[in-house]
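# Structural overview
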Amino acid sequence: MQAAEKKQLRLAGLLFGLAILFFVLFSSPEREALEYFYDESERKLFTTPIGSIPPIKGINDDQFDGVRAIVIAPKGRCGDESVRRIAYLEKWSPQLKQQMEAAERAKAAGHAVPNLVGRSQRKFHQFVRRTDSTQWYHMNTDEAAKIMATLRTKDDEGKIPEVCTPNR
């Protein structure tokens, strides 16, 4: 190999090494998927990793008063905090929460878990309410349907709102 070729090979190796270093130093780490939750005692939104099963511990104490918050905004404006609002809150019964958590653990361990709460009965174990009410409604009630209809209700501009996530 001639001296000029060796020099070019060293330069190529150096540039390749710098490219790898640049990629490692300046690449953004993969962001964890998050969802909104609402602390009922603090009356504040907070975020938690996606897949959390409500109710969970809230932000201020060991009380399980953190419930899932369905946050909406006009189409394309989820990034604008001034127009985001909570459409409604969701939580599960203790029985369904226990079953869902057991299923997650079993899945992670490679085992099957029998359903304690069948699919046809789940709506009796899932609840919704508005933030300005203390009354929770089973998912199979007319009241719950009215609350969830917020997701299909057009705004002043005739547009259906968009469900927001913290990472968007």
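Let me sum up the structure you'll find in this document. These figures come from a predicted structure and were not determined experimentally. Think of each chain on its own: its residues are numbered from 1, step by step along the sequence as written. In view of the model being predicted, local features appear only for residues whose pLDDT reaches at least 70, and side-chain atom pairs are presented and counted only at 80 or more, with totals across whole chains, interfaces and linings using the full set of residues. To obtain the side-chain values, all non-hydrogen atoms of the structure were used and water was disregarded.

In what follows, a disulfide is any cysteine sulfur pair within 2.5 Å. In total, this model carries one disulfide according to the counting rule given. Two residues share a disulfide in this structure: C78 and C164, whose sulfurs sit 2.1 Å from each other. Measuring the twist about the S-S bond at about -80°, one finds the C78-C164 disulfide to be left-handed. Of this pair, C78 sits in the loop between strand 3 (66–73) and strand 4 (85–92) while C164 sits in strand 7 (residues 162–164), and the two are 86 residues apart along the sequence. In this description a helix means any DSSP run of H or I spanning at least four residues, a strand means any run of E spanning at least two, and both kinds are numbered starting from the N terminus.

Salt bridge criterion: a side-chain nitrogen from Lys or Arg within 4 Å of a carboxyl oxygen from Asp or Glu. For the structure on display, the rule yields eight salt bridges. Of the charged contacts in the structure, one is a salt bridge between R129 and E40, with a shortest N-O distance of 2.7 Å. Placement of R129 in strand 5 (residues 126–129) and of E40 in the loop between strand 1 (34–39) and strand 2 (44–49) is noted, with a sequence separation of 89 residues between them. For E40, a relative accessible area of 24% puts it in the partly exposed group. For the salt bridge of E81 with R84, the shortest nitrogen-to-oxygen distance reads 4.0 Å. The class of R84 is partly exposed, set by a relative accessible area of 25%. Bridged by salt links that share partners, the residues E35, R68 and E90 form one connected network. Residue burial is assigned from relative accessible area. The probe radius is 1.4 Å, only protein chains are included, and a residue is buried under 20% of its type maximum, exposed over 50%, and partly exposed in between.

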